[in-house]
Amino acid sequence: MATYPLRIAGNMQQLIDQTLAAIGSLSLELAPRRFGRVVACDGGLIEVSGLGVPIGTICTIAQGASLRHRAETIGFRNGHTMMMMLGDTVLLRPGAEVRAEGKPGMLHVGSEFLGRAVDGAGEPIDGGGPVLATTTWPAGGHRVGALDRSRVTQMFDCGIRSLNALTTFGVGQRIGIMAGSGVGKSVLMDMIVDNAEADAVVVGLIGERAREVSDFVSRHMAGERAANTAIVAVPADHAANLRLRGAMLATSIAEHLRSQGKRVLLILDSLTRVAHAAREIGILLGEPGAARGYPPSALSTITKMIERAGNSKETGGAITGIYTVLADGDDHNDPVVDTARAILDGHIVLSREIAQRGQYPAVDVGASLSRVMNDIVSVEHVENARKFRALSASFEENRDLIMMGAYRQGTDSLLDEAIIRQPRMSDFLAQGTGERVDMTSATMQLSHLFSDGH
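Quick caveat, the model's predicted, so the values are computed rather than measured.

Details of the overall build of the protein
A count of helical and extended segments in the protein gives 14 helices and 19 strands. Relative to its length of 454 residues, the protein is compact, with a C-alpha radius of gyration of 25 Å against a globular reference of 22 Å. In terms of overall dimensions, the protein has C-alpha extents of about 85 × 60 × 45 Å along its principal axes. For the protein, buried positions account for 49% of its 454 residues. When contacts within the protein are restricted to residue pairs at least 6 apart in sequence, those whose partners lie at least 24 apart make up 71%. Looking at the protein, you have 44 positive and 50 negative side-chain charges, and the mean spots of the two groups are 4 Å apart.

So this is what it looks like as structure tokens:
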């Protein structure tokens, strides 16, 4: 019993030492600090006079000794600086003092985030001490030339049989998981986090329910992989710019780890919520809506974010990006879905109809695609996957006729084979949440499925 207080005291002393070391490494700024005043507030948009700071600067709005707000600079207008609150505007008053803090456009990153869960500002939400990361990284990333990205040549084992066998991922590939609400995106994402092979896993939970955030953190911050996992969570009730900063922070942490030569799995859930946040900011600034209300800047935001993942020729590191995309109203021609599908290296489509039949994960094999699969797997594997797709598509196209008994056997040889193999194909696609099927096993099971000569 006596060792428990000693352990707590030891941890506290270690935290104090780390904090003092971090403070000691900071440079002392003796220049006078400028400040401005709040002159207008329209919804979440604030106008500040007398303070010219770059876009992306975080500012503190002081109201008395105890009450403080935080805001981010998002633009300029008529000599005033336009800011957006990182929280509520309740109790904000005209004339409040505004001061800039930190380095504009820079985020703190580092391996210190591994094993931790933080919010969009990098503050811990897991009950631990502060994250003492001192390395800074541009929020928009370091732009590199197209030829600085090496090709995708190695398979990425995600631990899910249907994906490993039929839409094989590559290390450094960018993949989208596209589905309507309640079809199983989050469950599939959970399975990939648990089963995938990677040096580090960075998860961005952007715009999700607070209950889902709590459940996810409790599940993935207690096991063996917790030490190599970083979670950035910004629930749906947070400000739009904080949601956007959370997505940028998760991507920046992954980029920094890649610069150290690590193979990183980056999961962003969801890309649609990031686009919603960018749309809200664009509309506040007066940008006209174009595609179904999305300003051009909102769609370009997700394109830039996706392009930051990939392989690095310089360091040998890689970011394998998996982005969930919510198809509003199950519309797969939604602007966000269409934009993401055009820039991604592959997409996994989850079907509500398949989910309603009780098959999980509800992967629509015919609609899913990996653009790098043919370059990284054997010819036999490609042929087996194509045959599986052809049989699955033939059966699904004629499902109603088969169920009604209107199809006469012998009319279509491909459909005849699909009917024979359908039970085994359904078993192949289904997988329990606690089950892991590695790449070798998935390939062998796919080959065995067609080894009987039919």
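After that view of the structure, there is still more to cover.
Here's the deal with the layout of surface pockets
In this structure, the second largest pocket spans a volume of roughly 1200 Å³. Breaking the lining of the second largest pocket down by element, the ones donating at least two residues are strand 4 (67-77), helix 5 (240-259), helix 6 (271-284), helix 7 (296-307) and strand 16 (310-311). Of the residues assigned to the lining of the second largest pocket, the class counts are 16 nonpolar, 16 polar and 14 charged.

Remarks on the sheet that holds strand 3 (residues 58-63)
Strand order in this closed barrel of six strands is 1-2-5-4-3-6, and the pairing throughout is antiparallel. Taken over all neighbouring pairs, the strand axes of this sheet differ in orientation by 45° on average, direction set aside. Bridge count between strand 2 (residues 45-49) and strand 5 (residues 80-85): four bridges; the pairing is antiparallel. Each residue of the ladder has a partner; that of L45, found in strand 5, is M84. Each of strand 3, strand 4 and strand 5 is contacted by helix 5, which is oriented at about 80° to strand 5, the strand it contacts most. Strands in contact with helix 6 are strand 1 (35-42), strand 2, strand 4 and strand 5; relative to strand 5, the strand with the most contacts, it is inclined by about 145°.

Let's talk about the pairing of strand 12 (residues 174-179)
A large share of strand 12 lies buried, amounting to six of its six residues. In strand 12, alternate side chains face the same way, and those of R174, G176 and M178 on one face and I175, I177 and A179 on the other are all buried. Alignment of strand 12 against strand 17 (residues 318-326), held across six bridges, turns out to be parallel. Residue pairing in the sheet places I177 in a bridge with T324 of strand 17.

Some remarks on the pattern of salt bridges
As enumerated under the stated definition, the model contains 22 salt bridges in all. Across the pair R436 and D157 runs a salt bridge whose closest N-O atoms are separated by 3.5 Å. Of this pair, R436 sits in the loop between helix 13 (413-429) and helix 14 (439-449) while D157 sits in the loop between strand 10 (155-156) and helix 2 (161-166); the two residues are 279 residues apart in sequence, bridging distant segments of the chain. A salt bridge links E353 to R357; the shortest N-O distance between them is 3.6 Å. The class for E353 is partly exposed, based on a relative accessible area of 49%. One salt-bridge network, in which partners are shared between bridges, spans E353, R357, E396 and R399.

Criteria and thresholds
- Residues numbered from 1 in each chain as written.
- Predicted model: local features only at pLDDT ≥ 70, side-chain atom pairs only at ≥ 80, totals over all residues.
- Heavy atoms only, no water.
- Helix = DSSP H or I, 4+ residues; strand = E, 2+ residues; numbered from the N terminus.
- Rg over C-alpha atoms; globule rule 2.2 N^0.38 Å.
- Buried < 20%, exposed > 50% of the residue type's maximum accessible area, 1.4 Å probe, protein only.
- Contact = heavy atoms within 4.5 Å.
- Lys, Arg positive; Asp, Glu negative; His and termini not counted.
- Charge placed at Lys NZ, Arg CZ, Asp CG, Glu CD.
- 1 Å grid on protein atoms, 1.4 Å probe; cavity = no way out; pocket = protein on both sides within 12 Å on 5 of 7 lines; lining within 4 Å.
- Points joined across faces, edges and corners; volume = space filled by probe spheres on them.
- Nonpolar A, V, L, I, M, F, W, Y, C, P; charged D, E, K, R; others polar.
- Pairing = 2+ DSSP bridges.
- Axes fitted to C-alpha atoms, helices over the stretch in contact; angles between N-to-C directions.
- Salt bridge = Lys/Arg side-chain N within 4 Å of Asp/Glu carboxyl O.

These results come straight from atomic positions and should not be treated as a statement about function.
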